[in-house]
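What follows is the residue order along each chain.
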Amino acid sequence: MGIGQGTQVKINGLDGIYVVMDKMHSRWENKIDIYMGTDVERARNWGNKTLKIKYRVKREANTKDE
């Protein structure tokens, strides 16, 4: 899909723009993992979803790193 390391993505349902830091094994197509740090409760509440992402987006000048 053209999403490589360093690609900026916007994820429906989450604020901000994120950067791809790692790629999944090639057997997984059209899937992403979202790293939520050590916040296990937030990750469980987010769960397993079908959603849309936009990639190759431009970071806004006033947007801090997430």
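(A) Main features of the pairing of strand 1 (residues 8–11). By the alternation rule, side chains of strand 1 split into V9 and I11, which are all buried, and Q8 and K10, of which none is buried. Both strand 1 and strand 2 (residues 18–19) contribute to a ladder of two bridges, which runs antiparallel. Counterpart to V9 in the pairing with strand 2 is Y18. Connecting the antiparallel pair strand 1 and strand 2 is a turn made up of six residues, with G13 showing a positive phi of about 100°. When strand 1 meets strand 3 (residues 53–55), the two strands line up antiparallel, connected through three bridges.

(B) Summary view of the environment of D33. Within the secondary structure, D33 is located in the loop between strand 2 and helix 1 (40–46). For D33, a relative accessible area of 64% translates into the label exposed. In this structure, the C-alpha to C-alpha distance between D33 and V20, residues 13 residues apart in sequence, is 9.8 Å.

(C) Inspection of the confidence of the model for the chain at higher detail. Of all residues in the chain, 82% have pLDDT values of 70 or greater, and the mean over the chain is 80. Mean pLDDT values over the elements of the chain span from 84, in strand 3, up to 90, in helix 1.

(D) Region of the structure containing the sheet that holds strand 1. In space, the three strands of this open sheet follow the order 2-1-3, with antiparallel pairing throughout. In this open sheet, the two strands that pair with only one neighbour each are strand 2 and strand 3.

Conventions adopted
- The residue numbering used here restarts from 1 in each chain and proceeds along that chain's sequence as written.
- Only residues with pLDDT of at least 70 get local features here, since the model is predicted, and only at 80 or more are side-chain atom pairs given and counted; chain-wide, interface and lining totals rely on the full set of residues.
- To obtain the side-chain values, all non-hydrogen atoms of the structure were used and water was disregarded.
- A 1.4 Å probe rolled over the protein chains alone gives each residue an accessible area, and that area as a share of the maximum for its type sets the label: buried under 20%, exposed over 50%, partly exposed in between.
- A helix here means a DSSP run of H or I that spans at least four residues, while a strand means a run of E at least two residues long, and both kinds are numbered starting from the N terminus.
- A strand pair is defined by DSSP finding two or more bridges across the two strands.
- Confidence scores per residue from the predictor, reported as pLDDT, run from 0 to 100.

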